[in-house]
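# A look at the structure
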Amino acid sequence: CEVVPRNQAVVRAARGHSRLIGVPMMDPRLPAPGATVTREYRGHLVEDHVKEDGFEYDGRPYDSLSAISKAITGSNWNGYHFFAGALENAEKAAS
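Cut-offs applied
- Residues numbered from 1 in each chain as written.
- Predicted model: local features only at pLDDT ≥ 70, side-chain atom pairs only at ≥ 80, totals over all residues.
- Heavy atoms only, no water.
- Buried < 20%, exposed > 50% of the residue type's maximum accessible area, 1.4 Å probe, protein only.
- Helix = DSSP H or I, 4+ residues; strand = E, 2+ residues; numbered from the N terminus.
- Arc of directions from axis to C-beta.
- Pairing = 2+ DSSP bridges.
- Axes fitted to C-alpha atoms, helices over the stretch in contact; angles between N-to-C directions.

Think of an α-helix as turning once every 3.6 residues; residues three or four places apart then point the same way. Of all the residues in helix α2 (residues 65-73), the buried ones are Leu65, Ile68, Ser69 and Ile72. The buried residues of α2 occupy one face: seen down the axis, they fall within an arc of 100°.

See the structure below:
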C-alpha cells in the first residue's frame, strides 16, 4: 500500500485514483487539468485553475473546490454546488 500525504490522498480520492491498479481516473464532474473555472460571486469574478494535483485560486493551492468556496464565502459549501454552472461552462470551453 502506498503512503501519501493526507492532502494528496484527498485529491486522489476526489479524482478517483485507484490504488489497486495505479491508474488515475478523473472525476467526471471536473474539467481536465489546465482548465479555468470562472463564476461571479457577489459582484466579483472568481477564477480557479484545475491542476493535476488539485486546484489553484488567488495564487494558492487548494485540495478541493469546497476549500476554495469556503475561502471565498467564509462558510462551508459543497464545492460542486458552488461552482456548478462554472464547471459546465469550463467543460464546454475545453471541448
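Turning next to the sheet that holds strand β3 (residues 54-57). With respect to topology, four strands assemble into an open sheet ordered β1-β2-β3-β4, the strand pairing being antiparallel. Only two strands of the sheet have a single partner each, and these edge strands are β1 (36-41) and β4 (60-62). Neighbour-to-neighbour, the strand axes of the sheet open up by a mean angle of 30°, direction not taken into account. Alignment of β1 against strand β2 (residues 44-51), held across six bridges, turns out to be antiparallel. Directly across from Val37, in β2, lies its bridge partner Asp48.

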